[in-house]
Amino acid sequence: PHRHTAMSKLRLAIIGTGWSARTYTEILATQTDAVVHAVCSPNRSAAFAREFGIPHWCCRIDELAKLEELDGFLVCTPPHATPDIVRFLARLSKPILVEKPVANTAASVRSLAREVGGTRTVVGLHLACSSWFASFREAIAKGDLGQILRAYHRMHFPHRVGGHERAWAFDSLL
C-alpha cells in the first residue's frame, strides 16, 4: 500500500461532486503536498474527474475503498447521506474531513461522533477559503468596518432542494 512520505503528495478522495467538492478540488489544485486522486459520486464522477484531471473515479463508495493508495477522504455530500458514508469510511482507518453540515439534526451528529470517535475526523467549512470570506476578513483586519461588536451571517438555503429536506438549516443546535 501507498505510504505517505515527506517527498510524496497526500492522495485524497473526494466524495461528492457539488459546490463543496468543486471548491475543495480547486483549492487542492494549488497545493504542492496534496492531490485529489479519486472522486466518487453516483451520477457525475466521470465528468468531474475529466474536468479536473482526477485519475480515478467511481460511482459507489465500496468501489472507492478498493483504492488502497488513498491517504484520506473529503466528504462533500448532502447531510442526509453523509452519516452513512462517514460510518463506512471510518472502517478504513484513514483520516476523514467532513464538510458541514454533517447530518440533518444535532442528535444525528452526536450519534455519528460516538460511532466513529476513534477515527481521525475533522469537520470543515470550505466557505472559509472563499474569496468573499477572505475579503471580509481583510476588511475587518484593516479596520474598514470599524469596531466589530457582533456579527451574524446566515446563508439562505431553500427548505427543500433536489427532493431532499434541509432540516439541518432549521435545527438551532447545529
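Here's a quick rundown of the structure.

Each value, and the rule that gives it
- Residues numbered from 1 in each chain as written.
- Predicted model: local features only at pLDDT ≥ 70, side-chain atom pairs only at ≥ 80, totals over all residues.
- Heavy atoms only, no water.
- Phe/Tyr/Trp six-rings, centres within 6.5 Å; stacked < 30°, edge-to-face > 60°.
- Helix = DSSP H or I, 4+ residues; strand = E, 2+ residues; numbered from the N terminus.
- Buried < 20%, exposed > 50% of the residue type's maximum accessible area, 1.4 Å probe, protein only.
- Salt bridge = Lys/Arg side-chain N within 4 Å of Asp/Glu carboxyl O.
- Contact = heavy atoms within 4.5 Å.
- Pairing = 2+ DSSP bridges.
- Right-handed = clockwise from strand over helix to strand, strands pointing away.

### Here we look at the packing of aromatic side chains
- Counted by the stated rule, this structure contains one aromatic pair.
- Each ring, one from Phe 48 and one from Phe 52, has its centre 4.8 Å from the other, and the planes form 45 degrees; the classification is tilted. Separated by four residues within a single helix, Phe 48 and Phe 52 lie in helix 2 (residues 45-52), roughly one turn from each other.
- The partly exposed category is assigned to Phe 52, whose relative accessible area is 25%.

### Here we look at the pattern of salt bridges
- Under the definition given, this model contains six salt bridges.
- When salt bridges with common partners are traced through the structure, they connect Arg 60, Asp 62 and Glu 63 into a single cluster.

### Here's the deal with helix 4 (residues 82-90)
- Most of helix 4 sits out of view: seven of its nine residues are buried.
- Those residues of helix 4 not exposed but buried are Thr 82, Pro 83, Ile 85, Val 86, Phe 88, Leu 89 and Ala 90.
- Where helix 4 is buried, its residues meet strand 1 (10-15), helix 3 (61-64), strand 4 (72-75), strand 5 (96-99) and helix 5 (106-115).

### Observations concerning the pairing of strand 5
- Sheet topology places strand 4 next to strand 5; three bridges connect them, and they run parallel. Looking across to strand 5, one finds that Val 75 is bridged to Val 98.
- In this region the chain leaves strand 4, passes through helix 4 and returns to the parallel neighbour strand 5; the handedness of that crossover is right-handed.

### Comments concerning unusual backbone geometry
- Look at the link from Lys 100 to Pro 101: it is a cis peptide, with omega at 0 degrees.
- By the secondary structure assignment, Pro 101 is in the loop between strand 5 and helix 5.
- Of note in this structure, Ser 93 is not a glycine but carries a positive phi near 55 degrees.

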